[in-house]
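Survey of secondary and tertiary structure
What follows is each chain in one-letter form.
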Number of protein chains: 2
Amino acid sequence: MAFAETFKALSDPVRRQILELLKKGPLSAGEIGSHFEMTGATISYHLKILKKADLIFESREKNFIYYQLNTSVLEEIMLWISGLNGGNSDVESK
Amino acid sequence: MAFAETFKALSDPVRRQILELLKKGPLSAGEIGSHFEMTGATISYHLKILKKADLIFESREKNFIYYQLNTSVLEEIMLWISGLNGGNSDVESK
DNA sequence: GGGGTATTTAGAAAAATTTCTAAATACCCC
DNA sequence: GGGGTATTTAGAAATTTTTCTAAATACCCC
């Protein structure tokens, strides 16, 4: 189960908020950090976890590292959840 | 955000496995425990967390407490995830 | 190359989670 | 009521997670 990591990653409020920020588009580590009252080191720690869970990926540009959402993994999670639902969810959408 | 609790609850592998067991139907605390190598006290701890997250509910019968899935909360989670997806997921299903 | 900014890594402290043992409740049934 | 089983609660130990500070990397641009 690779999504043990994904669920772990999603379990932290800070990381979920990071994902929501990235919903609007790529942001640099610094820009992400500016939304929180934590050191850059801590943000970097959270980004690493999101990265390992494949929920985000980075692209380097100039002196910055930009992060963006990787939505593909989210579908696996949705599938697992809808599976619990007895396959009886919106996902199956008549 | 009430689903901070839900995500936390889903982040543990034991608890996810409990949910999968319950997918097939209600089980008593003892029956659930028999699937794991942990004390009943530990299982009880996990059940409490799942209960607080509204992912399961109990019904008492005779000398047993039966647990079963509560799928309604799962939909909120799915909505949050599909929201990240830019609303661009199977859920919206055009 | 060298100063400057952006980000990460290392290591330790603080906080939260998971697990256990032992004891307490709760309920059944004779 | 009382013995018996099922489950939970309390408290402590072990483990994991989150956070910080300080230092290290990485890359830019003059």
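As a starting point, this report considers the structure included with it. The model shown is predicted, which means the values in this text are computed figures rather than measured ones.

For the rest of this paragraph, the subject is the overall build of chain A. Secondary structure summary: chain A contains five helices and three strands in total. Along its sequence from the N terminus, chain A presents helices and strands in the succession α-α-β-α-α-β-β-α. For chain A, with 94 residues in total, the buried portion stands at 45%. Looking at chain A alone, contacts between residues at least 24 apart form 48% of all its contacts between residues at least 6 apart.

To continue, consider the pattern of salt bridges. Think of it this way: side chains of opposite charge can pair up when their charged atoms draw near. Taken as a whole, this structure holds four salt bridges over all chains when the rule is applied. A salt bridge links Arg60 of chain B to Glu58 of chain B; its shortest N-O distance comes to 3.4 Å. In the salt-bridge network here, residues are joined through shared partners; they are Lys51, Glu58 and Arg60 of chain A.

A word on the packing of helix H2 (residues 13-23) of chain A against helix H4 (residues 40-52) of chain A. All names here are of chain A. Where H2 meets H4, the closest approach of the two axes is 10 Å, and the angle between their N-to-C directions is 75°. Of the possible angle classes, the one that applies to H2 and H4 is roughly perpendicular. Across from Val14, Arg15, Ile18 and Leu19 in H2, the residues of H4 making contact are Tyr45, His46, Leu47, Ile49 and Leu50.

Neighbouring residues of DNA strand D: 24 residues in total, closest Thr42, Tyr45 and His46 of chain A together with Gly30 and Tyr67 of chain B. Each atom of DNA strand D within 4 Å of the protein was assigned to sugar, phosphate or base; sugar and phosphate come to 74%. Arg15 of chain A is positioned such that a nitrogen or oxygen atom in its side chain is 3.1 Å from a phosphate oxygen of DNA strand D. With respect to DNA strand D, the side chain of Tyr67 of chain B contributes an N or O atom lying 2.3 Å from a phosphate oxygen. Those elements giving two or more residues to the surface near DNA strand D turn out to be H4 of chain A together with helix H3 (29-33), helix H4 (40-52) and strand E3 (64-69) of chain B.

What counts, and where the lines are drawn
Residues numbered from 1 in each chain as written. Chains lettered and ligands numbered in written order. Predicted model: local features only at pLDDT ≥ 70, side-chain atom pairs only at ≥ 80, totals over all residues. Heavy atoms only, no water. Helix = DSSP H or I, 4+ residues; strand = E, 2+ residues; numbered from the N terminus. Buried < 20%, exposed > 50% of the residue type's maximum accessible area, 1.4 Å probe, protein only. Contact = heavy atoms within 4.5 Å. Salt bridge = Lys/Arg side-chain N within 4 Å of Asp/Glu carboxyl O. Axes fitted to C-alpha atoms, helices over the stretch in contact; angles between N-to-C directions. Parallel < 35°, antiparallel > 145°, perpendicular 65-115°, else oblique. Near = heavy atom within 4 Å. Polar contact = N/O pair within 3.5 Å; in protein donor to acceptor, adjacent residues only side chain to side chain.

Read these as geometric descriptors, not functional statements.
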